Amino acid sequence: MPNNPGLGEQALNKAAEIGITSQLDKVENLDVNVKTDPLKLIQGEVDSVKIDGEGLVMQKSLRVEELHMQVDNVAINPLSVAFGKVELTRPTQGSAKIVLTEADINCAFNSDYIRSKLQSQTINLSGQPVAVSLKQVDFYLPGQNRVELKADVKLDNNENHLVAFSAVPTVSANGKTINLENVEYPQGEESSSITQSLIDATSEILNLDNFDLQGMTLTIKGLYPEVGQLIIAAEAYVEQIPSA
């Protein structure tokens, strides 16, 4: 038998691809693969829906290097396909994998959205609070289950100051955010309000709500920091496939 998708599968694939693309700021590559057969499709049954994306720009200018998602035993309204939609008749669960690169997280840190949240911070210098402005944030994934951040800030007396620390990324209790724990500082450095702001900004950037699409909710199940990239394993709760 030929392995090419049938007309019903092709229509579902196209409808889902258009719907997901409409939720994103930019897409380099997106492939939706719906597995079913004509008899099952008439009955509204789909064996699986697999989504593979590369270079997806999500909310808040966060780019995802790779997104892989699969849900099985999907029930749909077969009539919805005629209207260019994939309408689920009941929620379903599946698995997801998200790959973020060091470069993409750096771009998010230096985006206008995050930079505006990090401005107007103060640090304690010789017992006096001094206002600072953020010039550059560098985020590193060196491996060994740690992340490193360095921030170049300018003090209101025109002095430059470097804030640096490393930490262990952990999953929050609700499975929605990544927190930084076991924070360590280079010799002579100490915690400051801008350090805490950078920790908070990391959690905000890596909040899984940023990766949710219409009708899809993700919960972190595993976190794997590697050299140069961060891999997030998640559970996907799917109420609807995004539609345009």
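Note that this is a predicted model, so its numbers are computed, not measured. (Residues numbered from 1 in each chain as written. Predicted model: local features only at pLDDT ≥ 70, side-chain atom pairs only at ≥ 80, totals over all residues. Heavy atoms only, no water.)

Moving on, we come to the overall build of the chain. For the chain, the count of helices and strands is five helices and eleven strands. For the chain, the spread of C-alpha atoms along the principal axes amounts to about 75 × 30 × 30 Å. Looking at the chain residue by residue over its 244 residues, the buried ones come to 45%. Restricting the contact set of the chain to residue pairs at least 6 apart, pairs at least 24 apart contribute 55%. Surface summary for the chain: the accessible area is close to 12200 Å², and the carbon and sulfur share equals 47%. For the chain, the centre of its 18 positive side-chain charges and the centre of its 33 negative side-chain charges are spaced 3 Å apart. (Helix = DSSP H or I, 4+ residues; strand = E, 2+ residues; numbered from the N terminus. Buried < 20%, exposed > 50% of the residue type's maximum accessible area, 1.4 Å probe, protein only. Contact = heavy atoms within 4.5 Å. Areas by Shrake-Rupley, 256 points an atom, 1.4 Å probe, with all protein chains shown as cover. Lys, Arg positive; Asp, Glu negative; His and termini not counted. Charge placed at Lys NZ, Arg CZ, Asp CG, Glu CD.)

Turning next to the sheet that holds strand 11 (residues 229–238). Taken in spatial order, the six strands of this open sheet run 1-2-3-4-11-10, and their pairing is antiparallel. Of all the strands in the sheet, the pair left with one neighbour each is strand 1 (26–35) and strand 10 (216–226). Adjacent strand axes in the sheet meet at a mean angle of 15 degrees, parallel and antiparallel pairs treated alike. Here strand 2 (residues 45–57) pairs with strand 3 (residues 63–75) via eleven bridges, running antiparallel. If you follow V57 over to strand 3, its bridge partner there is R63. Strand contacts of helix 3 (residues 102–109): strand 3, strand 4 (92–101) and strand 11, with the helix running at about 85 degrees to strand 4, the strand carrying the most contacts. (Pairing = 2+ DSSP bridges. Axes fitted to C-alpha atoms, helices over the stretch in contact; angles between N-to-C directions.)

Turning to the pattern of salt bridges, a few remarks are in order. Counted under the stated rule, the structure contains eight salt bridges. Note that D212 is salt-bridged to K176, the shortest N-O span being 3.6 Å. In this pair, D212 sits in the loop between helix 5 (193–205) and strand 10 while K176 sits in the loop between strand 8 (160–171) and strand 9 (178–184), placing the two residues 36 residues apart along the sequence. Like D212, the residue K176 is buried in the burial classification. (Salt bridge = Lys/Arg side-chain N within 4 Å of Asp/Glu carboxyl O.)

Among the secondary structure elements, N145 is positioned in the loop between strand 6 (128–143) and strand 7 (146–155). Ignoring any residue separated from it by four or fewer positions in sequence, one finds N145 in contact with A167, V168, P169 and P225.

What follows deals with the environment of F211. With respect to the helices, strands and loops of the structure, F211 is situated in the loop between helix 5 and strand 10. In this structure the C-alpha to C-alpha distance between F211 and L67, which are 144 residues apart in sequence, comes to 9.5 Å. Residues within four places of F211 in sequence aside, it is in contact with M58, L62, V64, I98, L100, L206 and L218.

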